[in-house]
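Each chain is listed here by its residues.
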Amino acid sequence: MKKEEIDQDRLIKRFLKCEDESESFQLDERKLAGEILNKKQSNLLPLSGIKLYLPLAACLAVFFGLVIKNNDSQFNAQTDSDIVASSEASTSKNNLLPEEIAMLDEWLLVSPEAVDFSDVNYDSSYELLVSLETIPLP
Amino acid sequence: MDKAVIQMEKISNGDENALVELINEWKGSIYAFFFRSLSNHADSEDLTQKFFHRIYRAAGTYKPKAKVSTWLFTIARNLLIDELKRRARRPQESMLVEWETGSSVESSGNEIEEILSREMSKLGENQRTALLLRVQQEWSYREIADMMKTNEANVKTWIFRARSILKKAIKPQL
């Protein structure tokens, strides 16, 4: 009985220690160490890339954002002035028909009194009409 | 400064020779611990390699208040528990391996060893780990209790029960 227990303990101990399997376990420690260190470096590379390029990308984004914003405001201002100019031009042209312009030119040429147009406030339609004597003075 | 602390510092600083030295010193013990816990050579080999990857990442956190062996086996045990949880979450994979190999444990060609492997795989993780640390590493009950964060009485009970189960299993073969 006692011998049987000793055998059991011996067998269990030998099994648990598994010295044969441990000895036959082939692991190239230098290769594994190299893999571990290389993996660390390859993991660090993208991280260092992020550290370098992310702030740079942010700066570029801010810079180009400002440039685009300035261009937009300039373009808007230019567009507004163009619209005003074109509307003024179109207004001045569209108010008079070609026959009316020709008639006005003829009238100015044959007019006995020279009209001093520099004294006339052309912003006022009334003064313009008075200067052209198209309406009688009150 | 403690030799182990210096070695861990070197490893955390990327000293290849220090890492090689550590792997050479511990690969057998760690493999044996995994192999008797999982009863599978390929899984144990993978886990051993994963263990040294983990050690390399954790080397900077090693504190000399714990023995280096205690620290190493704490990490090994955590890895093992993660692996056992992973297997429990994906039983299909384990069943596929068992179907391919015809058994949950690898055949060693030795009937008693196969019986013992099967019984080991049925033990609770606490019982198995305590028994392995006691027999393989020849740790005291106190050391095992500290590592497993329990008291000596629990450790003694786990080891006694585990031994009893293994003895009972091989008794008919003797």
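On a predicted model such as this, the values are computed, not experimentally measured, just so you know.

## Some details on the overall build of chain A
Part 1 of the reasoning: On a plain count of helices and strands, chain A comes out with five helices and zero strands.
Part 2 of the reasoning: Across chain A, helices and strands are ordered from the amino to the carboxyl terminus as α-α-α-α-α.
Part 3 of the reasoning: In chain A, buried positions account for 5% of the 138 residues.

## Overview of the overall build of chain B
Part 1 of the reasoning: Along chain B, the regular secondary structure elements total nine helices and zero strands.
Part 2 of the reasoning: Order of helices (α) and strands (β) in chain B, N terminus to C terminus: α-α-α-α-α-α-α-α-α.
Part 3 of the reasoning: Long-range contacts, defined here as pairs at least 24 residues apart, represent 62% of the contacts in chain B between residues at least 6 apart.

## Remarks on the packing of helix α1 (residues 2-17) of chain A against helix α7 (residues 125-135) of chain B
Part 1 of the reasoning: Two numbers describe how α1 of chain A lies on α7 of chain B: the axes approach to 10 Å, and their chain directions differ by 95°. Considered as vectors, α1 of chain A and α7 of chain B are oriented roughly perpendicular to each other. Facing α1 of chain A, whose interface residues are Lys13, Leu16 and Lys17 of chain A, α7 of chain B presents Leu131, Leu132 and Val135 of chain B.

## What about the confidence of the model for chain B?
All names here are of chain B.
Part 1 of the reasoning: Mean pLDDT over chain B works out to 89, with 89% of the residues at or above the 70 mark.
Part 2 of the reasoning: At the low end of the mean pLDDT range in chain B sits helix α5 (residues 91-101), at 59; at the high end sits α7, at 97.
Part 3 of the reasoning: The ipTM, which scores confidence in the relative placement of chains, is 0.85 for this predicted complex, and the corresponding pTM is 0.66.

## Quick word on unusual backbone geometry
With the exception of glycine, most residues fall at negative phi, and the peptide bonds are largely trans.
Part 1 of the reasoning: For Cys18 of chain A, which is not glycine, the phi torsion reads 35° and is therefore positive.
Part 2 of the reasoning: Along the chain, Cys18 of chain A turns up in the loop between α1 and α2 (19-24).
Part 3 of the reasoning: For Cys18 of chain A, a count of 23 C-beta atoms within 10 Å puts it in the buried group.
Part 4 of the reasoning: We note that Glu138 of chain B has phi near 55°; this positive angle belongs to a residue other than glycine.
Part 5 of the reasoning: On the secondary structure map, Glu138 of chain B appears in the loop between α7 and α8 (141-148).
Part 6 of the reasoning: Glu138 of chain B sits in the exposed class, given 9 other C-beta atoms within 10 Å.

## Section: the packing of α7 of chain B against helix α9 (residues 152-170) of chain B
Residue and element names in this part refer to chain B.
Part 1 of the reasoning: Their axes nearest at 8 Å, the elements α7 and α9 cross at an angle of 90°. On the basis of their axis angle, the class for α7 and α9 is roughly perpendicular. Two secondary-structure elements touch here, α7 through Asn126, Gln127, Arg128, Ala130, Leu131 and Arg134 and α9 through Val155, Trp158, Ile159, Arg161, Ala162 and Arg163.
Part 2 of the reasoning: Residue classes in the contact of α7 with α9 are distributed as six nonpolar, two polar and four charged.

## Observations regarding the interface of chain A and chain B
Part 1 of the reasoning: Contact with chain A, which involves 21 residues of that partner, is made by 29 residues of chain B.
Part 2 of the reasoning: Only α1, α2 and α3 (29-95) of chain A provide two or more residues apiece to the side of chain A that touches chain B.
Part 3 of the reasoning: The biggest single contributor to the side of chain A that touches chain B is α1 of chain A, with nine residues.

## Side note on the environment of Ala66 of chain B
Part 1 of the reasoning: Along the chain, Ala66 of chain B turns up in the loop between α3 (41-58) and α4 (68-89).
Part 2 of the reasoning: For the pair formed by Ala66 of chain B and Met147 of chain B, sequence separation is 81 residues and the distance between their alpha carbons is 9.4 Å.

## Notes on helix α6 (residues 111-122) of chain B
Part 1 of the reasoning: With twelve residues, α6 of chain B should cover 16 Å at 1.5 Å per step; its first-to-last C-alpha distance of 17 Å lies within 8% of that length.
Part 2 of the reasoning: Along α6 of chain B, the residues classified as buried are Glu113, Leu116, Ser117 and Met120 of chain B. Along the axis of α6 of chain B, the buried positions cluster into a sector of 105°, meaning they face one direction only. In α6 of chain B, the exposed residues that point more than 90 degrees away from the buried face are Glu111 and Lys122 of chain B.
Part 3 of the reasoning: Buried positions along α6 of chain B lie against α1 of chain A together with α2 (16-38), α7 and α9 of chain B.

## A short note on α4 of chain B
Part 1 of the reasoning: An ideal rise of 1.5 Å per residue puts 32 Å on 22 residues; α4 of chain B measures up with 32 Å between its terminal C-alpha atoms.
Part 2 of the reasoning: Listing the buried residues of α4 of chain B in full gives Trp71, Leu72, Phe73, Ala76 and Leu80 of chain B.

## Here we look at the confidence of the model for chain A
Part 1 of the reasoning: For chain A, per-residue confidence averages 73 on the pLDDT scale, and 58% of positions sit at 70 or higher.
Part 2 of the reasoning: Element-level pLDDT for chain A is lowest in helix α5 (residues 125-131) of chain A, with a mean of 70, against a maximum mean of 87 in α1 of chain A.

About the thresholds
Residues numbered from 1 in each chain as written. Chains lettered and ligands numbered in written order. Predicted model: local features only at pLDDT ≥ 70, side-chain atom pairs only at ≥ 80, totals over all residues. Helix = DSSP H or I, 4+ residues; strand = E, 2+ residues; numbered from the N terminus. Buried ≥ 20, exposed ≤ 12 C-beta atoms within 10 Å, placed from the backbone. Contact = placed C-beta atoms within 7 Å. Axes fitted to C-alpha atoms, helices over the stretch in contact; angles between N-to-C directions. Parallel < 35°, antiparallel > 145°, perpendicular 65-115°, else oblique. pLDDT = per-residue confidence, 0-100. Nonpolar A, V, L, I, M, F, W, Y, C, P; charged D, E, K, R; others polar. Expected span 1.5 Å × (residues − 1). Arc of directions from axis to C-beta.

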